[in-house]
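# Structural description and commentary
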Amino acid sequence: MSLSTADLLDYDEVLERFDPVLGLEVHVELSTNTKMFCGCPTAFGAEPNTQVCPVCLGLPGALPVVNGKAVESAIRIGLALGCEIAPWCRFARKNYFYPDMPKNFQTSQYDEPIAFNGSLSLELADGTVVEVGIERAHMEEDTGKSLHVGGATGRIHGAEHSLLDYNRAGVPLIEIVTKPITGTGARAPEVARAYVTALRDLLRALDVSDVRMDQGSLRCDANVSLMPRGATEFGTRTETKNVNSLRSVERAVRHEMSRQGAVLVAGGEIMQETRHFDESTGTTSAGRRKETSEDYRYFPEPDLVPMAPSADWVEQLRTTLPELPWERRKRVQTDWQLSDLELRDLVNAGALDLVAATVDAGAAPDAARAWWVNYLSQEANSRGVELAELPISPSQVARVAALVAEGELTNKLAREVVDGVLAGEGEPDAVVESRGLAVVSDDTALYAAIDDALAAQPDVAEKIRGGKVQAAGAIVGAVMKATKGQADAKRVRELVLERCAG
Amino acid sequence: MPNISREEVAHLARLARLAVTEAELDKFAGQLDVILQSVARVGEVAADDIPPTSHAVPLRNVFRADEIRPGLTQEQVLAGAPSVEDGRFRVPRILGEQA
Ligand SMILES: [Zn+2]
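The structure presented is a predicted model; accordingly, all values stated were derived computationally and were not measured. (Residues numbered from 1 in each chain as written. Chains lettered and ligands numbered in written order. Predicted model: local features only at pLDDT ≥ 70, side-chain atom pairs only at ≥ 80, totals over all residues. Heavy atoms only, no water.)

## Focus on the packing of aromatic side chains
Residues and elements named next belong to chain A.
- Here the structure, examined in full by the defined rule, presents seven aromatic pairs over all chains.
- Consider the rings of Tyr296 and Tyr298, whose centres lie 6.0 Å apart with planes at 70 degrees: the pair is edge-to-face.
- Following the ring pairs from residue to residue traces out a cluster consisting of Tyr96, Tyr110, Tyr296 and Tyr298.
- Over the ring of Tyr296 we find Lys94, and its NZ or CZ is 4.5 Å from the ring centre.
- Against the face of Tyr11 rests Arg254, its NZ or CZ located 4.0 Å from the ring centre. (Phe/Tyr/Trp six-rings, centres within 6.5 Å; stacked < 30°, edge-to-face > 60°. Lys NZ or Arg CZ within 6 Å of the ring centre and 35° of its normal.)

## Some points on the interface of chain B and chain A
- Counting from both sides, the interface comprises 37 residues of chain B and, opposite them, 57 residues of chain A.
- For the pairing of chain B and chain A, the buried interface totals around 4200 Å² over both sides, and the portion due to carbon and sulfur atoms is 58%.
- Inspection of the region where chain B meets chain A yields zero salt bridges.
- Taken together, chain B and chain A are joined by 24 residue pairs in polar contact (both at pLDDT 80 or more).
- Every element with two or more residues in the side of chain B that touches chain A is listed here: helix 1 (6-15), strand 1 (63-64), helix 3 (74-78) and strand 3 (88-92) of chain B.
- Of all the elements, strand 3 of chain B adds the most residues to the side of chain B that touches chain A, at five residues.
- Counted by class, the side of chain B that touches chain A contains 15 nonpolar, ten polar and twelve charged residues. (Contact = heavy atoms within 4.5 Å. Buried area = accessible area lost by both parts, 1.4 Å probe. Salt bridge = Lys/Arg side-chain N within 4 Å of Asp/Glu carboxyl O. Polar contact = N/O pair within 3.5 Å; in protein donor to acceptor, adjacent residues only side chain to side chain. Helix = DSSP H or I, 4+ residues; strand = E, 2+ residues; numbered from the N terminus. Nonpolar A, V, L, I, M, F, W, Y, C, P; charged D, E, K, R; others polar.)

## Re the domain arrangement of chain A
Residues and elements named next belong to chain A.
- With domains assigned, chain A is organised as domain 1 (11-317), domain 2 (325-435) and domain 3 (443-501).
- Taken residue by residue, the interface counts nine residues in domain 1 and four residues in domain 2.
- Roughly 530 Å² is buried in total at the junction of domain 1 and domain 2, and carbon and sulfur atoms are behind 56% of that figure.
- In terms of surface lost to domain 2, no three residues of domain 1 exceed Glu123, Ala125 and Leu202, which account for 44% of the buried area on that side.
- Taken together, domain 1 and domain 2 are joined by one salt bridge.
- When the shortest N-O distance is used, the salt bridge between Arg344 and Glu123 registers 4.0 Å. (Domains from an automatic or database assignment.)

## Here we look at the sheet that holds strand 4 (residues 92-95) of chain A
All names here are of chain A.
- Strand order in this open sheet of three strands is 5-4-15, and the pairing throughout is antiparallel. A strand with exactly one partner marks an edge of an open sheet, and here the two such strands are strand 5 (105-108) and strand 15 (299-300).
- With two bridges connecting them, strand 4 and strand 15 associate as antiparallel partners. Residue pairing across strands places Arg93 opposite Phe299, the latter belonging to strand 15. (Pairing = 2+ DSSP bridges.)

## Some details on the packing of helix 7 (residues 325-335) of chain A against helix 8 (residues 340-348) of chain A
Residue and element names in this part refer to chain A.
- The interhelical angle for the contact between helix 7 and helix 8, taken along N-to-C directions, is 130 degrees, at an axis separation of 10 Å. One element, helix 7, and the other, helix 8, form an angle in the oblique class. Along this stretch, helix 7 crosses helix 8, giving a crossing that reads as right-handed. Contacts between helix 7 and helix 8 involve Arg329, Val332 and Gln333 from the former and Asp340, Leu343, Leu346 and Val347 from the latter. (Axes fitted to C-alpha atoms, helices over the stretch in contact; angles between N-to-C directions. Parallel < 35°, antiparallel > 145°, perpendicular 65-115°, else oblique. Left-handed = near helix turned anticlockwise from the far one by under 90°.)

## Looking at the confidence of the model for chain B
Residues and elements named next belong to chain B.
- On average, residues of chain B score 87 in pLDDT, and 92% of them reach the 70 mark or higher.
- Confidence, expressed as mean pLDDT per element, reaches its minimum in chain B at helix 2 (residues 22-45) with 90 and its maximum at strand 1 with 97.
- Scored by ipTM, the complex comes to 0.89, with pTM at 0.82. (pLDDT = per-residue confidence, 0-100.)

Right under this line is the structure:
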């Protein structure tokens, strides 16, 4: 079934009539060496069905054993999200028949998640702070990967058959579920994106996952519902899957709001169902009708014994938490003496890590910030890439900043050096050399240029000698022209005055 | 006293992707009823001072080190597959469903 734009309600009208409610479920693959319940490797991109064993294939008689490192990561994630850690919890079997799960059940946690009741605070682009409640973070295992072959489009509905690769089956997953997010109105799509971004940054700081949305190590399912404005009872929700980028999170929520708005305004009902996001069209389409949790017939996993993380262990893990993103932002603001606006620009440009690395490489914070937030951000924008993908490293930027600080380069020349590095001409010093960009700092060379200029404009020279220092500008200009802008204008001016004073 | 209906058996059969005939629905409903009644008798014995338990052995926190152990080769993995293509299990197309 495809949707025409006529099936969408104008976004402003959606907001006039309805309040959106969001619920976000993020699955994150842990970057452990091995799977959740067996010793198979988890590396991405291996030949199909070469990282499997009887346990993750669900062969009869195979016994799972929990990966302690994965439990550790789960607890650390829970602590970083301000959650309580369950003193006692179990795994459960979630029964369903689908070829991506060779066991015919997924080992998950049901009513006893390892972490629950936390929160994550996010900052939107304009500085508005939104506090998102975390319902739970629980442990489970990933499914295999299916490839749908044949049919008209290769998409599942036209597929002739499916091919299964179980390398991913059993990879440790943490599912992080928010409490319902209400009251965000028009900003719901933006909040959804900001939440996934903040969570990604947090997980990256914890070093528990690759958090690569493009490789599926971070995946977001977006639950969206609408209720009449001012109502308190939530409407029926849909769950949109297959949202594989931060931008898609925002688009999917916005699209689903407009689609549901159109259905409701026309007097229709929203089906509780899974929907699939199509990156190319930015629309969602109906997937399977959701099975109810009763249908999953959850029961405690008999092959795994309960977990009871001791308070000592949990406190010991708390001491391993790194500086978390919001703490870091605060510290950086103090250390680098940034205004709220400067900090926000830095964060919004996605430049914090790069600036910090540039400062670590010896640059002054202001200079490092100016390069990344101003000059290089524009360059990244015009190339349509992320800042970090530009072919210049923090240490190279630091070197350019050092050359400016030492007076070897003017700002204008420095930009040319950076352009040279971006163009693949090598290290900054090599670009200075090959493009002949060094500031003419040799006073002897400058004296020669100054004497030439004074000789060429004897009337000006006479005025300066007579005490009209402002006339020196004309000589400085001539010298700068003669040196092709490679002289330090301030130094030239000093030398001109010195020459005329004698 | 537990009681399981034909409809419930049909629903369970559908969830388990089992094709069950009309006659079997009655037969299984009766059999499942016997099983449920037997299990229910355990509940009668359990007093308030007996906590529900899911494991017979009082073990907890059994964890494994995060170390890679050899698994199966692709050949071994696919040896029992009814159909294989490109190193993968080949299964019938899945109608209108996606996990
Ligand atoms: Zn395995």
